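Structural description and commentary
Single-letter residue listing:
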Amino acid sequence: FRSDRLFTNANTHVSLPNRRVNLFGSVAINPVAYASLFISFSVIFQAFSFVTFGAHADYGAYRLALLRIIAILGALSTMAFALIPGGNDNHRYWEIPGLLTIVSNVLF
């Protein structure tokens, strides 16, 4: 099994190009690992924010206001995915979907 090929069945294969995505100008990652990386970061931020702000949401005087604000911000960050330009030529926009993934997973 070669690491640069993805086998679909015994007779055919699809070659995967050896590409790297530069995030924030310095970190190069494999595009296949991009979603897993940012979802892992969002889980870390979720754990931190739930522990830190959970008491305010449970026992604070502004429970309903916090629920509304967080839900609206989470929905807006999720809808912002539609505004990201698509296509293979938009390599300079790789950071935006990752940051939106973190924000929308933490807030939604």
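For the structure given in this document, a descriptive report is provided here. No experiment lies behind these values; they were computed from the predicted model shown.

Under the definition given, this model contains 2 aromatic pairs. Aromatic side chains Y34 and F38 sit 4.9 Å apart centroid to centroid with 55° between the ring planes, which places their arrangement in the tilted category. One end of the pair, Y34, and the other, F38, are both in helix α1 (residues 34-59), 4 residues apart, so they sit about a helical turn from each other. With a centroid separation of 6.1 Å and 80° between ring planes, the pair formed by F38 and F41 is classed as edge-to-face. Of this pair, F38 and F41 both sit in helix α1, 3 residues apart, which is roughly one turn of that helix. Owing to a relative accessible area of 4%, F38 belongs among the buried residues under this scheme. Linked through ring pairs, Y34, F38 and F41 together constitute an aromatic cluster.

Parameters at a glance
- Residues numbered from 1 in each chain as written.
- Predicted model: local features only at pLDDT ≥ 70, side-chain atom pairs only at ≥ 80, totals over all residues.
- Heavy atoms only, no water.
- Phe/Tyr/Trp six-rings, centres within 6.5 Å; stacked < 30°, edge-to-face > 60°.
- Helix = DSSP H or I, 4+ residues; strand = E, 2+ residues; numbered from the N terminus.
- Buried < 20%, exposed > 50% of the residue type's maximum accessible area, 1.4 Å probe, protein only.

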